[in-house]
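A look at the structure
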Amino acid sequence: MENVELDPRLVQATSVKAVDEAVGGKRPSEPKALKITAASSNPKMFTLPWHKPLSQWPDDLLANLPRGISRHVVRFVRVGNDVYAMKEITQSVAQREYELLRQLEKIDVPSVKPIAVVTGRHDRDGKPLEAMLVTQHLKFSLPYRALFARNLREDTADRLIDALAVLLVRLHLIGFYWGDVSLSNVLFLRDADCFAAVLVDAETGALYPTLTEGQREYDIDLARTNIIGELMDLSSGKLLPDDVDEIEVGNRLVERYHSLWSALTDVESFSPDEMWKIEKRVNKLNQLGFDVDELEMNTSEDGNRVRVRPRVVDAGYASRKLLRLTGLDVQENQARRLLNDLDAYRTSTWRQGEDLEIVATDWMREVFEPTVRMIPKEYRSQIEPAQFFHEILDHRWFLAEKVGHDVPMAEAVNSYIENVLPQYKIDAKVMDAINADADAGVIDDESSYGDDGYDPDYDPDAAVWAS
């Protein structure tokens, strides 16, 4: 494998020693007293009932949010003004996953934010309890089963797969081997007419300077197998539209991944009079949402060909531009839609000659902010402001098509709130069913990790195959 160093931002990303850093490859000894290693200064963390198994925590601490299927007990807990996801897990795995999530956070990869790892838990009788991994609840996100419990478009499965393919490519580009790719291990955010996927489970992951083709292909093949199984499970529960072919959707992930990977990493060859194709390549990468840091260009010995390799730094081309102009931190497709509306506003007000930063400030004050302030209070935890604005624009266009003339923004908002927004609520019975399914997947950790909580068969480096 090529000798490449890890991203320097990953160095000293966490103070927790994971199992593979411990002496002899064994997990460190269990602390005799409660120990909380936290990336948060929330003092209410210390007042939680750590002496109780998570499944027995009182209801007044819990937030009734849909949970994804997990092998471990997971609960959403209110800690002051924050909501945290708590996962009960063995100490070695909790510390290792905390470290990985901290590293991914350092390089701005879409993953849940790690808050703390809690060890040394004991009940009132002194019996040891499992450790706890604490992460920030990702607002406006949903597990895939909760999405299918709603009245969604028939192409929802395809859009989720496209989002997962983008996430998998981004992870592979920075050298992250996942080892357990599935719909269950991600959360989904609405992103205009698409979805964005966020990694939520990094138990089996590992970071390398670069991945071999074998590692990448293993992740892809495992993802395809898991996705087909998960969709078949949805189908048996009558949650999947009848015309969805589970195998075809699984194959779509493989196709989308390879297509995107090729677009981002392939070396192209041009003749000296075709240099305009370089700009076309960069524009295509920008349209896919990726920034290009530099271009590596080599001329053939005879001077007849130029070979170009782009160095892609990260996704978020449109979202970073919108953040610079308006301060709004949104998903990539939402950013594109908002930038398009900003351009339309600039044209309609005859201000093409003015600085875009000044026009953006007026657009925020006159268009965006008055619209999102109309979100009813009971829905403010259900829909992101940028997504609300995008859907208002769609609804306004739909109404205008129907009546044959422009519709005022306020009228479109009121119509949307009355006729469309209620679809965002999840029925209480459906919520209970989703969470019951999530709990049904919990297994006994001791059967997998041994008496001391350490998995003797787990070796993250075993995944390093020759390409």
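Residues numbered from 1 in each chain as written. Predicted model: local features only at pLDDT ≥ 70, side-chain atom pairs only at ≥ 80, totals over all residues. Heavy atoms only, no water.

Within an unreviewed UniProt entry, the label attached to the protein chain reads Lipopolysaccharide kinase, and the organism entered is Bifidobacterium primatium.

Each helix and strand in the protein chain was counted, giving 13 helices and 12 strands. Considering the protein chain as a whole, with its 467 residues, one finds that 48% of them fall into the buried category. Contacts in the protein chain between residues far apart in sequence, at least 24 positions, make up 66% of those at least 6 positions apart. About 23,600 Å² of surface is accessible on the protein chain, with carbon and sulfur atoms providing 48% of the total. (Helix = DSSP H or I, 4+ residues; strand = E, 2+ residues; numbered from the N terminus. Buried < 20%, exposed > 50% of the residue type's maximum accessible area, 1.4 Å probe, protein only. Contact = heavy atoms within 4.5 Å. Areas by Shrake-Rupley, 256 points an atom, 1.4 Å probe, with all protein chains shown as cover.)

The next point concerns helix α8 (residues 332–348). Its 17 residues place the ends of α8 24 Å apart at the C-alpha level, agreeing with the 24 Å of an ideal helix rising 1.5 Å per residue. Taken residue by residue, α8 has Glu332, Gln334, Ala335, Leu338, Leu339, Asp341, Leu342, Tyr345 and Arg346 as its buried positions. Trailing α8 by a residue or two, Trp350 shows a phi angle of about 55 degrees, which is positive. (Expected span 1.5 Å × (residues − 1).)

Before going further, it helps to examine unusual backbone geometry. Note on backbone geometry: most residues besides glycine have negative phi, and most peptide bonds are trans. Although it is not a glycine, Phe140 adopts a positive phi angle of roughly 70 degrees. Among the secondary structure elements, Phe140 is positioned in the loop between β5 (131–136) and α2 (144–148). Backbone geometry places Ala192, a non-glycine residue, at a positive phi of 60 degrees. Residue position: Ala192 is located in the loop between β7 (186–191) and β8 (194–199).

With 7 of its 8 residues buried, strand β3 (residues 82–89) lies for the most part within the structure. The sheet contact formed by strand β2 (residues 74–79) and β3 spans 6 bridges and is antiparallel. Within β3, the position partnered with Val79 by the bridge is Asp82. Where β2 folds back on β3, the antiparallel hairpin that results is connected by 2 residues, among which Gly80 adopts a positive phi of roughly 65 degrees. Two elements, β3 and β5, share 6 bridges in a ladder whose sense is antiparallel. Along β5, the bridge assignment pairs Glu88 with Met132. (Pairing = 2+ DSSP bridges.)

We now examine the packing of helix α7 (residues 317–326) against α8. Packing of α7 against α8 brings their axes to within 7 Å, and their N-to-C directions diverge by 50 degrees. Taken together, the axes of α7 and α8 are oblique relative to one another. You can see that α7 and α8 cross each other, and the crossing is left-handed. Of the residues in α8, those touching α7 at Tyr317, Ala318, Ser319, Lys321, Leu322 and Leu325 are Glu332, Ala335, Arg336, Leu338, Leu339 and Leu342. (Axes fitted to C-alpha atoms, helices over the stretch in contact; angles between N-to-C directions. Parallel < 35°, antiparallel > 145°, perpendicular 65-115°, else oblique. Left-handed = near helix turned anticlockwise from the far one by under 90°.)

Remark: helix α9 (residues 356–372) packs on helix α10 (residues 385–403), axes separated minimally by 9 Å, with the N-to-C direction vectors making an angle of 95 degrees. In terms of axis orientation, α9 runs roughly perpendicular to α10. Residues Trp363, Val367, Phe368, Thr371 and Val372 of α9 touch α10, and the partners they reach there are Pro385, Ala386, Phe388, Phe389 and Ile392.

Relative to the assigned elements, Asn185 resides in the loop between β6 (176–177) and β7. Taking the relative accessible area as the measure of exposure, Asn185 reaches 7% and is therefore buried. Setting aside residues no more than four positions away along its own chain, Asn185 makes contact with Trp178, Asp180, Val198, Leu199, Val200 and Asp201.

Moving on, we get to the packing of aromatic side chains. Under the definition given, this model contains 8 aromatic pairs. Consider the rings of Trp50 and Trp57, whose centres lie 5.4 Å apart with planes at 75 degrees: the pair is edge-to-face. Of the two residues, Trp50 and Trp57, neither departs from the other in class, the shared state being buried. The interplanar angle of 10 degrees and the centroid separation of 5.9 Å between the aromatic rings of Tyr257 and Trp261 together place this pair among those described as stacked. Here Trp261 and Tyr257 lie together in helix α5 (residues 246–265), a separation of 4 residues that amounts to about one turn. Connected via pairs of aromatic rings, a cluster forms that spans Trp363, Phe368 and Phe389. Positioned above the aromatic ring of Trp261, the side-chain terminus of Arg216 is 4.1 Å from the ring centre. (Phe/Tyr/Trp six-rings, centres within 6.5 Å; stacked < 30°, edge-to-face > 60°. Lys NZ or Arg CZ within 6 Å of the ring centre and 35° of its normal.)

Here 5 strands make up an open sheet; going across it, the order is β1-β4-β5-β3-β2 and the pairing antiparallel. Single-partner strands in this sheet number two, and they are β1 (35–38) and β2. Adjacent strand axes in the sheet meet at a mean angle of 25 degrees when their direction is disregarded.

Tallied over the entire structure, the rule returns 16 salt bridges. For Glu366, the salt bridge is made with Arg365, and the minimal N-O distance between the two is 3.5 Å. Judged by its relative accessible area of 45%, Glu366 falls in the partly exposed class. Here the salt bridges share partners, and the residues they tie into one network are Arg71, Lys87, Glu97, Asp201 and Glu203. (Salt bridge = Lys/Arg side-chain N within 4 Å of Asp/Glu carboxyl O.)

Turning next to the environment of Arg336. Along the chain, the position of Arg336 falls in helix α8. For Arg336, a relative accessible area of 25% corresponds to the partly exposed category. C-alpha of Arg336 to C-alpha of Ser319: the two residues are 17 residues apart in sequence and 7.4 Å apart in space.

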